[in-house]
Structure formats: structure tokens, C-alpha cells
Amino acid sequence: MVLRGNGGAGYIRVDWFTPDGLSTWGDGRLTILGTDGFIEVRKNVDIAGRAGGSHLFLVDQKETRYIDSANHPLPYGEQLVSDVVNRTETAMPQEHCFLAMELVLKAQKQALRLSFKS
């Protein structure tokens, strides 16, 4: 999925089919591209060999930095479940959620299926 807005762009990539040599099934990445560098989140695996998940890479004009973010709290999932159960808007406003769902449905309707000849 390619994203753009507010002068920036990025993409999200999720691979469910992965080589047997990868230490996990599936590989999720979030990359945010900017004019001076990029940020990449590797959720499941660091292919350089660091254990665990939640790896954050920051690359700018001067250096590449690695941040182990495995111990940083990620409250969104718990807040979302609480919102559904309690009819609250802690994780995100309902208006935001409905807009996200609308955009996904529109994108799905406009998506092209790629086919490859064997």
C-alpha cells in the first residue's frame, strides 16, 4: 500500500509468503520516505539478525540509526478493544475510523489484480 499526504510519502508492505530461511512467517514493514531520509519499522524480524521484533531504523543525510523499540508500550490494540466494548473513542475518534474504512473500500474497488504467467 502506498501512502501520501502533507508533503510526505510512504508505503506499507506485508508478506505472508516468506522463504524458509526467514526466522518468522510473514514480514511486515512500514516505510516513511522524506526528502532527507526515511524511517522503517520492521515488525516481525530484523534480517540483520537481531532477535525479536519491533525494530526501528532511521536514516538521514548523516547516518543510519537503529532503535530497539520492543519494550516501548503499544497501547493502541488494548485501547481499540476497550473502545469497542465501552463505546468510547480512546484509540481514535469514530469519524476517523469510518473515514479509514471508506478509504479502504474505495481503494479495494479501484485496485488492480496482477497476474503472472507461469
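*Asks:* Give me the lowdown on the layout of surface pockets, citing residues and values where you can.
*Replies:* A volume near 330 Å³ is recorded for the largest pocket. Taken together, Met1, Val2, Leu3, His96, Leu99, Ala100, Leu103, Val104, Ala107, Gln108 and Ala111 form the lining of the largest pocket. Of all the elements in the fold, those that place two or more residues in the lining of the largest pocket are strand E1 (2–5) and helix H2 (94–110). Across the lining of the largest pocket, the residue classes break down as nine nonpolar, two polar and no charged.

*Asks:* I'd like a description of a nonpolar patch on the surface, backed by residues and values.
*Replies:* A surface patch of nonpolar side chains, amounting to about 420 Å² of accessible area, comprises Met1, Leu3, Leu30, Ile32 and Ile39. By secondary structure assignment, the location of Leu30 is in strand E3 (residues 27–33).

*Asks:* I'd like a description of the pattern of salt bridges, backed by residues and values.
*Replies:* Tallying each qualifying case throughout the model produces five salt bridges. Here Arg65 makes a salt bridge to Asp60, at a shortest N to O gap of 3.0 Å. Residue class for Arg65 comes out partly exposed when judged on its relative accessible area of 34%. A salt bridge links Glu102 to Lys106; the shortest N-O distance between them is 2.9 Å. Pair noted here: Glu102 and Lys106 are both in helix H2, with a separation of four residues, about one helical turn. Among the ionic contacts, a cluster of salt bridges with common partners joins Asp60, Glu63 and Arg65.

*Asks:* Can you explain the sheet that holds E1? Please cite residues and give values.
*Replies:* Pairing between the strands of a sheet comes from backbone hydrogen bonds, and it takes one of two forms, parallel or antiparallel. Taken in spatial order, the six strands of this open sheet run E1-E2-E3-E4-E5-E6, and their pairing is antiparallel. The two strands at the open ends of the sheet, each matched to only one other strand, are E1 and strand E6 (64–68). Averaged over all pairs of adjacent strands, the angle between strand axes in this sheet comes to 15°, irrespective of strand direction. Of the pairings in the sheet, the one linking E3 to strand E4 (residues 38–42) comprises five bridges and is antiparallel in character.

*Asks:* I'd like a rundown of the pairing of E4, residues and numbers included.
*Replies:* Once E3 ends, the chain turns through four residues before running back antiparallel as E4. As paired strands, E4 and strand E5 (residues 55–59) are joined by five bridges and run antiparallel to one another. When the bridges of E5 are listed, Phe38 appears paired with Val59.

Conventions and cut-offs
- Residues numbered from 1 in each chain as written.
- Predicted model: local features only at pLDDT ≥ 70, side-chain atom pairs only at ≥ 80, totals over all residues.
- Heavy atoms only, no water.
- 1 Å grid on protein atoms, 1.4 Å probe; cavity = no way out; pocket = protein on both sides within 12 Å on 5 of 7 lines; lining within 4 Å.
- Points joined across faces, edges and corners; volume = space filled by probe spheres on them.
- Helix = DSSP H or I, 4+ residues; strand = E, 2+ residues; numbered from the N terminus.
- Nonpolar A, V, L, I, M, F, W, Y, C, P; charged D, E, K, R; others polar.
- Patch = residues over 30% accessible without salt bridge, like charges linked within 9 Å, V, L, I, M, F, W, Y side chains within 5 Å.
- Areas by Shrake-Rupley, 256 points an atom, 1.4 Å probe, with all protein chains shown as cover.
- Salt bridge = Lys/Arg side-chain N within 4 Å of Asp/Glu carboxyl O.
- Buried < 20%, exposed > 50% of the residue type's maximum accessible area, 1.4 Å probe, protein only.
- Pairing = 2+ DSSP bridges.
- Axes fitted to C-alpha atoms, helices over the stretch in contact; angles between N-to-C directions.

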